[in-house]
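Working through the structure, step by step
Single-letter residue listing:
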Amino acid sequence: GGYYLYSWDEVAGSLGEEVARMLGCTPVGNLGKGLNVVRLPSIPEKLSEALGMDLFKALDYIRQRLGEHRRVKQKPAVDDKVITSWNGILLSGLSYAAAATADQTLSNVAIGAADFILKELYFDGELRRYWRDGPAEARGLLEDYALLGCGLLDLYQWTGDTKYLDVSLSLADDILEKFSSQSGGFYDTPPVPDIPIRPVSIEDHAYPSGYAAAVQLLAQLYLLTGDERFFQSARDAVKATWQRLQDDPLSHISTISAIPLILNSGGQLVVATTDN
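Quick summary incoming for the structure in this document. (Residues numbered from 1 in each chain as written. Predicted model: local features only at pLDDT ≥ 70, side-chain atom pairs only at ≥ 80, totals over all residues. Heavy atoms only, no water.)

In this fold, lysine 163 is placed in helix α8 (residues 162-178). Separated by 39 residues in sequence, lysine 163 and isoleucine 202 have C-alpha atoms that sit 29 Å apart. (Helix = DSSP H or I, 4+ residues; strand = E, 2+ residues; numbered from the N terminus.)

Okay, here's the thing in structure tokens:
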């Protein structure tokens, strides 16, 4: 984090001691070891008075002066992988946002991301885990198949482009073929000969688990297609984890939220229109 920290001499030397103290900096460092995090004061107008300029000009001036010190520091490394599952989450978010706002820009970004993933990371019947200067050799995990499938399904429901529905169905078929457990539910990994144990992770963390996303995808596709395979697999996956869902519901919100889809307790609304 050193790229984002400043010494007292850097701040005071560029902006003066009065402004440096307004920004929360001290000679010993507000983080210790002589390093400071720059913070705006609770009343930022004081910066305007101290620098003798309009507030927005004062803020730009501060950024420029401190930026001179930052630019000579070693920049932090950037993780520039294109991770399949994360892009699936992005597609869902953009699709919902585009539907709520009718913002064509959001829709175009979602379509561009989806088309890139389908071109670069899904071929020969295999989904790849990530892209960086080309597709990785690493095979996709359950979360990649499931979260991408959910994202494409959301994009289809917003755009009406059936190619996204078709790929979502193909990914669901892949999940049933490659990740299904005989005891119900899904493994995290595809079958690989040199890995003797295949984990099963159902807890949500920073984002929904692949397990939960698979249940949601299959349940939604069942409602759209009536394919009993999807219904049976989604239901069995919930049954296989039922006790854990009851014991610790907050860690399994995404799986629990799919249960109404399986029960079809919310009903369905079909809107039929003619093409213009």
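Right, picking up where we left off after that structure.
Further remarks concern the packing of aromatic side chains. For the coordinates displayed, the defined rule picks out 6 aromatic pairs. Relative to tyrosine 207, the ring of tryptophan 86 has its centre 6.5 Å away and its plane inclined at 75 degrees; by these criteria the two rings are edge-to-face. Here tyrosine 207 lies in the loop between α8 and α9 (210-225) and tryptophan 86 lies in helix α5 (residues 84-101), a separation of 121 residues in the sequence. The aromatic ring of tyrosine 6 is capped on one face by lysine 73, whose charged end is 4.5 Å from the ring centroid. (Phe/Tyr/Trp six-rings, centres within 6.5 Å; stacked < 30°, edge-to-face > 60°. Lys NZ or Arg CZ within 6 Å of the ring centre and 35° of its normal.)

Attention now moves to helix α7 (residues 142-159). In this model α7 runs 25 Å from its N-terminal to its C-terminal C-alpha over 18 residues, within 8% of the 26 Å that 1.5 Å per residue would give. Counting buried positions along α7 gives 15 out of 18 residues, so the element sits mostly inside the fold. Downstream of α7 by a residue or two, glycine 160 has a phi angle that is positive, lying close to 80 degrees. (Expected span 1.5 Å × (residues − 1). Buried < 20%, exposed > 50% of the residue type's maximum accessible area, 1.4 Å probe, protein only.)

Helix length check: helix α10 (residues 228-240), at 13 residues, gives a terminal C-alpha distance of 18 Å against a target of 18 Å (1.5 Å per residue), a fit within 8%. Against α8, α9, α11 (242-247), α12 (253-256) and α13 (259-263) lie the buried residues of α10. Residue aspartate 227 occupies the N-cap position of α10, its side-chain oxygen lying 2.9 Å from the main-chain nitrogen of arginine 229. (Contact = heavy atoms within 4.5 Å. Polar contact = N/O pair within 3.5 Å; in protein donor to acceptor, adjacent residues only side chain to side chain.)

Take glutamine 220: it is sitting in helix α9. Between the C-alpha atoms of glutamine 220 and lysine 75, which are 145 residues apart in sequence, the distance is 44 Å. Once you skip the residues sitting within four places of it in the chain, glutamine 220 turns out to touch Leu153, Asp154, Gln157 and Leu261.

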